[in-house]
Amino acid sequence: MLVGRSILETCLTASVLIVGGGPCGLMLANELGRRGVSAILVDEKPGTAFNPQANATQARSMEHYRRLGFADEIRREGLPADYPTDVAYFTRYAGYELARFQLPSSSRASELVKGMSGSWSAAELPHRVSQKYVEAVLRRHAERIPGVKLNYGHRLIGYVESDGIVADVECLDDGGRLQVRADFLVGADGPRSMVRQSLGIVYGGETGMQRDFMGGRMLAVYLRSPGFYASIPHAKAWMYNCFNGDRRAFMASVNGRDEFAFHTQLRPGEDESAITINEAKAAFQRACGTPIDCEVLSFLTWTAGHALVANGMQRGRVFLGGDAAHLFTPTGGLGYNTAIEDAVNLGWKLASVVKGVSPAGLLDSYEIERRPVALRNTDYARRFADSLGLFAPAPDIEDATDAGGEARRTAGVYLEQHARAEFNIPGVTFGGRYDGSPIIVSDGSQPPPDAANVYVPSACPGGRAPHAWLDDGVSLYDLFGFEWTLLQFGEVMSAHASFAETVRAIGVEVKLVTLPKSLRDLYEADLALIRPDQIVAWRGSASQAGMIGHVLARALAHNASDGARLAS
């Protein structure tokens with residue numbers, strides 16, 4: 001017992017203990033708390049991120065933030081509303097511009113989204129915002145939820161698992177110890193995850209890939225440079241890439257005014273342990289090609305060239321998510337966004353089990369569904385890194401000669417094509433699927449091909465529900481229930497008065513949404529059952545309306561083995 005502390009202060013209980021207060025852990029706390037499931041989160045850091053970290057929130061993550069009610073708040077963070085989100089390539093930032101992929105500002109994206117169709121038919125478009133701002137919003141909302149307790153500055157010492165989880169937690173300020181009792185434990189504690197190591201789970205995949213860029217030792221510098229924009233002869237961009245044989249780099253604008261996240265590849269012979277603030281500043285100025293003044297706010301080294309996925313994401317009552325389960329090279333911005341969807345997938349399932357709606361066997365579907373998506377997404381990120389990092393600049397690319405001009409033209413053509421391939425990725429964003437999951441009821445149809453730059457909306461069970469803007473300007477997703485939704489195109493269920501009784505007997509919340517028959521072609525069915533994570537669980541014809549009870553039971557794993565994993 002801790003001196004001066006009561007027993008109640010040293011022994012805490014919750015349904016779920018979350019280790020890790022980054023995007024995955026915070027999103028999971030929001031998902032659980034919104035469902036009335038208690039959660040305790042612990043993280044060694046004193047608070048949410050100081051460094052910018054990830055810089056791109058994909059449209060699918062924005063749709064989940066919209067579902068939770070704070071997408072607009074996220075969109076107000078980061079760059080000013082009118083700031084362009086272009087991706088631009090230069091020999092050096094004050095040198096020649098090679099290529100530019102133009103993308104809309106935040107305010108323009110909000111205007112455009114209602115007119116988008118095909119691959120970009122969505123409730124939200126991507127937003128360029130540093131992870132530090134996203135974490136702060138997620139934290140604020142989690143802290144407002146009764147039953148959710150966030151404990152930064154606390155470290156998991158160890159835990160035992162039997163009928164539940166009993167964990168020892170240390171307060172780093174005073175060395176005090178807490179005991180936490182929970183039904184489940186989720187390790188969202190990063191690439192060096194203590195939780196993953198405790199389970200004996202290892203990463204598999206590719207590591208140590210060496211490339212001319214985005215493969216090997218990298219230096220990250222968070223800096224302030226009020227004079228940067230006035231010092232370079234180019235239009236503003238969100239992402240600044242430096243392409244030459246001396247100092248390759250990329251830099252994201254953090255606040256659109258004076259803060260930047262600069263990353264450069266360390267060259268052979270550069271000792272990462274001996275880097276000083278002055279050397280970090282010099283690396284930035286070398287990429288600029290002119291001595292633009294800056295203040296280094298922080299710097300650290302990291303390693304690019306990973307495409308790793310844990311060989312398991314669950315053991316008994318313990319789960320892994322985010323970087324603890326998969327580690328990306330950051331091309332495509334897929335690591336943080338994959339982590340958000342881990343939390344969304346696991347959140348509704350844990351809540352369903354904790355509340356007694358589903359047997360514990362439902363939780364087996366988490367790894368079954370999410371691990372293949374992690375393998376898919378790390379592979380896409382690796383391909384983007386290869387495309388950028390294995391393309392080397394010509395020796396004379398900076399020369400003011402005809403040969404230099406031709407080298408710049410050739411590089412510009414390639415880099416523009418690369419930018420379109422890496423930053424226009426609706427297929428990656430929306431196309432992840434859960435085919436083969438035991439809680440997806442297949443109708444025998446085939447999903448569209450998986451392609452990075454093309455997304456074909458499809459209600460084939462196992463994928464994201466097709467989106468549409470309705471005649472009144474309302475997003476179809478805004479009509480969905482927070483839990484389950486049954487879409488009917490026309491009054492299909494009017495002859496089935498037992499629907500409400502069936503739902504009540506199962507104990508699940510299902511919102512019945514009636515849509516005009518003109519939208520039926522989008523789903524190619526009379527009925528579609530949508531999961532809490534906006535995934536199509538089943539679709540069928542009017543003649544199959546009587547199957548809803550059976551379909552719901554399957555989607556909630558009522559026919560799954562109860563607790564086989566928990567006993568392992």
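Keep in mind that this is a model prediction, so the values were computed, not measured.

S.K.: Tell me about empty space enclosed by the protein, and please be specific about residues and values.
M.R.: Scanning the model with the defined rule gives 3 cavities of 30 Å³ or more in all. As a volume, the largest cavity reaches approximately 200 Å³. Grouping the amino acids of the lining of the largest cavity by side-chain chemistry returns 6 nonpolar, 8 polar and 5 charged.

S.K.: Tell me about the nonpolar core, and please be specific about residues and values.
M.R.: In this structure, Leu-17, Tyr-65, Leu-350, Trp-484, Leu-486, Val-508 and Leu-552 are the most contacted members of the largest nonpolar core, which totals 96 residues. When residues in this core are grouped by element, the largest group, 10 residues, is from helix 10 (residues 334–354). Discounting residues that sit within four places of it in the chain, Leu-486 has contacts with Met-493, Phe-499, Val-510, Lys-511, Leu-512, Val-513, Leu-527, Ala-528, Leu-529, Trp-538 and Ile-548. By size, the runner-up hydrophobic cluster in this structure holds 53 residues, among which are Leu-79, Ala-88, Tyr-240 and Ala-407.

S.K.: How would you sum up the side chain of His-418? Please name residues and give values.
M.R.: When you line up the elements, His-418 lands in helix 12 (residues 402–423). Apart from the residues lying within four places of it in its own chain, the contact partners of His-418 are Tyr-89, Phe-384, Ser-387 and Leu-388.

S.K.: So, helix 9 (residues 277–288): which residues are in play, and what are the values?
M.R.: Taking 1.5 Å per residue as the helical rise, helix 9 with its 12 residues ought to reach 16 Å, and the 17 Å between its terminal C-alpha atoms agrees with that figure. Within helix 9, burial applies to Ala-280, Ala-283, Phe-284, Ala-287 and Cys-288. Looking straight down helix 9, one finds that the buried residues subtend no more than 145° of arc, so they occupy a single side. In this fold, the buried residues of helix 9 make contact with strand 10 (216–224), helix 8 (228–231), strand 11 (239–242), strand 12 (249–253), strand 13 (259–265) and strand 14 (295–304). Just downstream of helix 9 lies Gly-289, where phi reads positive at about 80°.

S.K.: Account for the sheet that holds strand 15 (residues 307–310), with residues named and values stated.
M.R.: Strand pairing in a sheet relies on backbone hydrogen bonds. The paired strands run either parallel or antiparallel. Taken in spatial order, the 3 strands make up an open sheet running 9-15-18, and their pairing is antiparallel. With one partner strand each, in any of the chains shown, strand 9 (203–206) and strand 18 (326–328) form the two edges of the open sheet. Mean inter-strand twist for the sheet, computed between neighbouring axes without regard to direction, equals 15°. Two elements, strand 9 and strand 15, share 4 bridges in a ladder whose sense is antiparallel. Counterpart to Tyr-203 in the pairing with strand 15 is Ala-310. In this fold helix 11 (residues 364–389) packs onto strand 9, strand 15 and strand 18, with an angle of close to 170° to the strand it touches most, strand 15.

S.K.: Can you break down the pairing of strand 4 (residues 97–101) residue by residue, with the values?
M.R.: Within strand 4, 4 of the 5 residues are buried, leaving the element largely enclosed by the surrounding structure. As judged from the 4 bridges shared by strand 3 (residues 87–90) and strand 4, these two strands associate in the antiparallel manner. Note that in strand 4 the partner of Tyr-89 across the bridge is Ala-99. Between strand 3 and strand 4, which pair antiparallel and follow one another directly, the connecting turn spans 6 residues.

S.K.: An account of the layout of surface pockets is requested, with residue identities and associated values reported.
M.R.: There is about 310 Å³ of room inside the second largest pocket. Of all the elements, helix 5 (residues 106–112) adds the most residues to the lining of the second largest pocket, at 3 residues.

S.K.: Requested: an account of the packing of aromatic side chains, with residues and values cited.
M.R.: Scanning the entire structure with this criterion turns up 25 aromatic pairs. Centre to centre, the rings of Phe-50 and Tyr-222 are 5.3 Å apart; their planes meet at 65°, and the pair counts as edge-to-face. Within this pair, whereas Phe-50 is found in the loop between strand 2 (39–43) and helix 3 (59–68), its partner Tyr-222 is found in strand 10, the two being separated by 172 residues in sequence. Exposure remark for Phe-50: the relative accessible area of 47% places this residue in the partly exposed category. A residue is classified by how much of its surface remains accessible, and Tyr-222, at 3% relative accessible area, is buried. Feature note: the residues Tyr-83, Phe-90, Tyr-93, Phe-228, Tyr-229, Tyr-240, Phe-260, Phe-262 and Phe-284 constitute an aromatic cluster, connected by ring pairs. In this arrangement the basic side chain of Lys-132 is found over the ring face of Phe-50, its NZ or CZ atom lying 5.3 Å from the centre.

S.K.: Can you tell me about unusual backbone geometry, naming the residues and giving the values?
M.R.: Within the chain, Gln-534 stands out as a residue other than glycine whose phi angle is a positive 65°. Structurally, the position occupied by Gln-534 is in the loop between strand 21 (527–530) and strand 22 (536–540). At Ala-557, a residue that is not glycine, the phi angle is positive and equals roughly 65°. Structurally, Ala-557 can be placed in the segment after helix 16 (548–555). Judged by its relative accessible area of 1%, Ala-557 falls in the buried class.

Conventions adopted
Residues numbered from 1 in each chain as written. Predicted model: local features only at pLDDT ≥ 70, side-chain atom pairs only at ≥ 80, totals over all residues. Heavy atoms only, no water. 1 Å grid on protein atoms, 1.4 Å probe; cavity = no way out; pocket = protein on both sides within 12 Å on 5 of 7 lines; lining within 4 Å. Points joined across faces, edges and corners; volume = space filled by probe spheres on them. Nonpolar A, V, L, I, M, F, W, Y, C, P; charged D, E, K, R; others polar. Core = buried A, V, L, I, M, F, W, Y, C linked by side-chain atoms within 4.5 Å. Buried < 20%, exposed > 50% of the residue type's maximum accessible area, 1.4 Å probe, protein only. Helix = DSSP H or I, 4+ residues; strand = E, 2+ residues; numbered from the N terminus. Contact = heavy atoms within 4.5 Å. Expected span 1.5 Å × (residues − 1). Arc of directions from axis to C-beta. Pairing = 2+ DSSP bridges. Axes fitted to C-alpha atoms, helices over the stretch in contact; angles between N-to-C directions. Phe/Tyr/Trp six-rings, centres within 6.5 Å; stacked < 30°, edge-to-face > 60°. Lys NZ or Arg CZ within 6 Å of the ring centre and 35° of its normal.

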